[in-house]
Amino acid sequence: MSDLLDDLVRAAREAPVNHDEAEATRRRMLAAATRETHTRSRRRLSPWVLPLVAAFVATGALAAGPSGVRLVTQWLAAAPAPSPALSSRSLALAPSSGALAQGAPSSSFEDVDRPAAATPLPPAPASAPNTAPTSDEKIAAATSEPAAIAQLPTARASVDTPTATSPKPASFAGRSSASPPPSAATIAAPAAVGSPPAVDGTAPAVVDPTDELYRTAHERHFRGGDASAAVTAWDRYLAAAPRGRFAPEARYNRALALLRAGRRAEGLVALEPFANGAMGGYRQAEATRLLDAARAP
Amino acid sequence: MPVAIATAGATRDDGAAIARLRTGDLAALGELYDQHHAAVRTFAVRFLGDATAAEDLVHDVFVALPEAVGSYRGDGGLRSFLIAMAANLSKNHVRAAARRRALASRAAEEPRPSPPRPDELHDRGELSNRLQRALDALSHDHRVAFVLCEIEERTSPAVATMLAVPEATVRTRLFHAKKRLRELLENDR
């Protein structure tokens, strides 16, 4: 071996390795591994779940008589689609760590679940495409898509009615997706907070003071051009209204802003609850696409 | 809570954690990560020469472990198994790292006298960059053999076991890697 090659090899051996990202990688890795596990389990159980649920519902309805059938029909029309029972198991498997970045409003998104790309096994060499764009390029393309842009909130009177078809994930910390649908009293409760200011000029009955924070953050996110400022603004809104009716959208936009600001690891961690369905399916497809882009080489 | 960095060769409770992982206990995956992430990251950084790509590779290795652990037979130790997984999963990360390196090199390039000054030669960062640029020109198999044998200082038999290839294949790849590297470094003078 030549002297120069010796020097180069020695330098490579002696070069220090920075492990500062170890904790963030650990969280991201465990979340992804949990999703993979549940995806495999769901594939095994899905042929059985729906027929069992249907049989249970039908049996209960028949046992209750005609009124029972009517009630069940109304409930089915009002409630979201039943989730696989495995989602509650995911809460037990996922690590109890604060998934959001430091300084962000805390809410532990511990149930994670998403389909993941297949991974090769050693010692067989992994095959991969030769011309795929880098993960950074894919993230940049995905975060600039029009589909990622959310609309300003308008008056959502339907949320206050007892017959809301799809209750928003206003309260998600520790909430199992297998929980029973909210009752009329629960759905009506947010009305006390007040309606958001309508953009069509009509006077709202009650104005939520946090809506102005949301509007500011929305403005900075979609028109400001400064991703870091957008992150700060989303943080302010979420600190004031961590379980507000716009909190899911704020958290999603915050994740995008983190990615745009170059805070990749934090952004990806923030996207995971959306990808795994913890937000009731809200932005699930977009978040999954972003995470897939990030993981792809 | 900072993630623990296990000392070299730490394999305590690996067997128990692997058994639990095989039953689907993902807490065991976290424990295995704590024990071995540093070694996998060190290999990844040495192999890719890029911290971001190395972090992604570490992530991919441990995400793949629950499924891959079924093929783990215990020969060579779990750490070697993980590094072999990293070598196998690294192909696309190599391309990404090389691309970033090329961009960074173009962005930072400025006129310099050739050949490089002696003090530049002994700058550790510059040495590392030079080696990584040369490694970028090797095939994946040659790069793996060189990094494992020369930089990680593993024996040919151990590398052969890790890669599931004959020992003679490892030596041949190493020979060609060194030959090519010498040529590249000579041209770079």
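What you see is a predicted model, and the numbers here were worked out from it, not measured in a lab.

1. Let's talk about the overall build of chain B
At step 1: Counting its regular elements, chain B contains 10 helices and 0 strands.
At step 2: Seen in sequence order, chain B has helices and strands lined up from the N terminus as α-α-α-α-α-α-α-α-α-α.
At step 3: Evaluated residue by residue, chain B yields a buried proportion of 51% over its 189 residues.
At step 4: When contacts within chain B are restricted to residue pairs at least 6 apart in sequence, those whose partners lie at least 24 apart make up 67%.
At step 5: Entry remark: accessible area of chain B is about 8600 Å², with carbon and sulfur atoms responsible for 54%.

2. Thoughts on the packing of aromatic side chains
At step 1: Using the criterion set out here, one finds 8 aromatic pairs over all chains in the structure.
At step 2: Judged by centre distance (5.4 Å) and plane angle (65 degrees), the ring pair of A:Tyr214 and A:Trp234 falls under edge-to-face. Linking A:Tyr214 in helix H6 (residues 210-224) with A:Trp234 in helix H7 (residues 227-240), this pair joins segments that are 20 residues apart in sequence. Across this residue pair, the class does not change: A:Tyr214 and A:Trp234 are buried.
At step 3: For the ring pair A:Tyr252 and A:Phe274, a centre distance of 5.4 Å and an interplane angle of 70 degrees mean the geometry is edge-to-face. Here A:Tyr252, found in helix H8 (residues 247-260), pairs with A:Phe274, found in helix H9 (residues 264-275); they are 22 residues apart in sequence, far enough to count as distant.
At step 4: It is B:Arg143 that lies over the ring of B:Phe47; its NZ or CZ is 5.2 Å from the centre.

3. What about the packing of H8(A) against H9(A)?
All names here are of chain A.
At step 1: Across the interface, H8 lies against H9 with an axial gap of 7 Å and an inter-helix angle of 150 degrees. Compared by their axis directions, H8 and H9 come out roughly antiparallel. As for how H8 packs across H9, the hand of that crossing is left-handed. The segment H8 lies against H9, with Pro248, Arg251, Tyr252, Arg254, Ala255, Leu258 and Leu259 engaging Arg264, Glu266, Gly267, Leu268, Ala270, Leu271 and Phe274.
At step 2: Split into classes, the residues belonging to the contact of H8 with H9 amount to 9 nonpolar, 1 polar and 4 charged.

4. What about the side chain of B:Asp60?
All names here are of chain B.
At step 1: With respect to the helices and strands, the residue Asp60 is situated in helix H3 (residues 51-68).
At step 2: A relative accessible area of 12% places Asp60 in the buried class.
At step 3: At a separation of 3.1 Å, a polar atom in the side chain of Asp60 contacts the side chain of His59.

5. A word on the nonpolar core
At step 1: Judged by nonpolar contacts, the single largest core of 69 residues is most densely connected at B:Leu29, B:Val61, B:Phe62, B:Leu65 and B:Phe146.
At step 2: Every residue in contact with B:Val61, bar those within four places of it in the chain, is listed here: B:Val40, B:Leu82, B:Met85, B:Ala86 and B:Leu89.
At step 3: Ranked by size, the runner-up nonpolar core spans 28 residues in total, among them A:Ala230, A:Ala233, A:Ala241 and A:Ala257.

6. Looking at the environment of A:Arg236
All names here are of chain A.
At step 1: Secondary-structure assignment places Arg236 in helix H7.
At step 2: Along the sequence, Arg236 and Thr210 sit 26 residues apart, while their C-alpha atoms lie 9.4 Å from each other.
At step 3: Arg236 has contacts with Leu213 and Arg220, leaving out every residue within four places of it along the chain.

7. Description of the environment of B:Ala158
Residues and elements named next belong to chain B.
At step 1: Looking at where Ala158 falls in the secondary structure, it is placed in helix H9 (residues 156-163).
At step 2: On the basis of relative accessibility, which here comes to 31%, the residue Ala158 falls in the partly exposed class.
At step 3: Put simply, Ala158 and Ser80 are 78 residues apart on the chain and 8.6 Å apart in space, counted from C-alpha to C-alpha.

8. Looking at unusual backbone geometry
Peptide bonds are, in most cases, trans, and in most cases residues other than glycine have a negative phi.
At step 1: Even without being a glycine, A:Arg283 presents a positive backbone phi close to 60 degrees.
At step 2: Within the secondary structure layout, A:Arg283 lies in the loop between H9 and helix H10 (284-295).
At step 3: The backbone phi angle of B:Ala164 is positive, close to 60 degrees, even though this residue is not glycine.
At step 4: Here B:Ala164 lies in the loop between H9 and helix H10 (167-187).
At step 5: Using a relative accessible area of 51% as the deciding quantity, one classes B:Ala164 as exposed.

9. Points about the pattern of salt bridges
Residue and element names in this part refer to chain B.
At step 1: This structure, assessed with the given rule, holds 21 salt bridges over all chains.
At step 2: Two residues, Glu55 and Arg41, come together in a salt bridge whose shortest N-O distance is 2.8 Å. Taken together, the residues Glu55 in helix H3 and Arg41 in helix H2 (residues 26-48) connect sequence positions 14 residues apart. A single burial state applies to Glu55 and to Arg41, both of which are buried.
At step 3: Taking the shortest distance from any N to any O, the salt bridge between Arg46 and Glu152 comes out at 3.0 Å. Highlighted residues: Arg46 in helix H2 and Glu152 in the loop between helix H8 (140-151) and H9, separated in sequence by 106 residues. Like Arg46, the residue Glu152 is buried in the burial classification.

Definitions and limits used
Residues numbered from 1 in each chain as written. Chains lettered and ligands numbered in written order. Predicted model: local features only at pLDDT ≥ 70, side-chain atom pairs only at ≥ 80, totals over all residues. Heavy atoms only, no water. Helix = DSSP H or I, 4+ residues; strand = E, 2+ residues; numbered from the N terminus. Buried < 20%, exposed > 50% of the residue type's maximum accessible area, 1.4 Å probe, protein only. Contact = heavy atoms within 4.5 Å. Areas by Shrake-Rupley, 256 points an atom, 1.4 Å probe, with all protein chains shown as cover. Phe/Tyr/Trp six-rings, centres within 6.5 Å; stacked < 30°, edge-to-face > 60°. Lys NZ or Arg CZ within 6 Å of the ring centre and 35° of its normal. Axes fitted to C-alpha atoms, helices over the stretch in contact; angles between N-to-C directions. Parallel < 35°, antiparallel > 145°, perpendicular 65-115°, else oblique. Left-handed = near helix turned anticlockwise from the far one by under 90°. Nonpolar A, V, L, I, M, F, W, Y, C, P; charged D, E, K, R; others polar. Polar contact = N/O pair within 3.5 Å; in protein donor to acceptor, adjacent residues only side chain to side chain. Core = buried A, V, L, I, M, F, W, Y, C linked by side-chain atoms within 4.5 Å. Salt bridge = Lys/Arg side-chain N within 4 Å of Asp/Glu carboxyl O.

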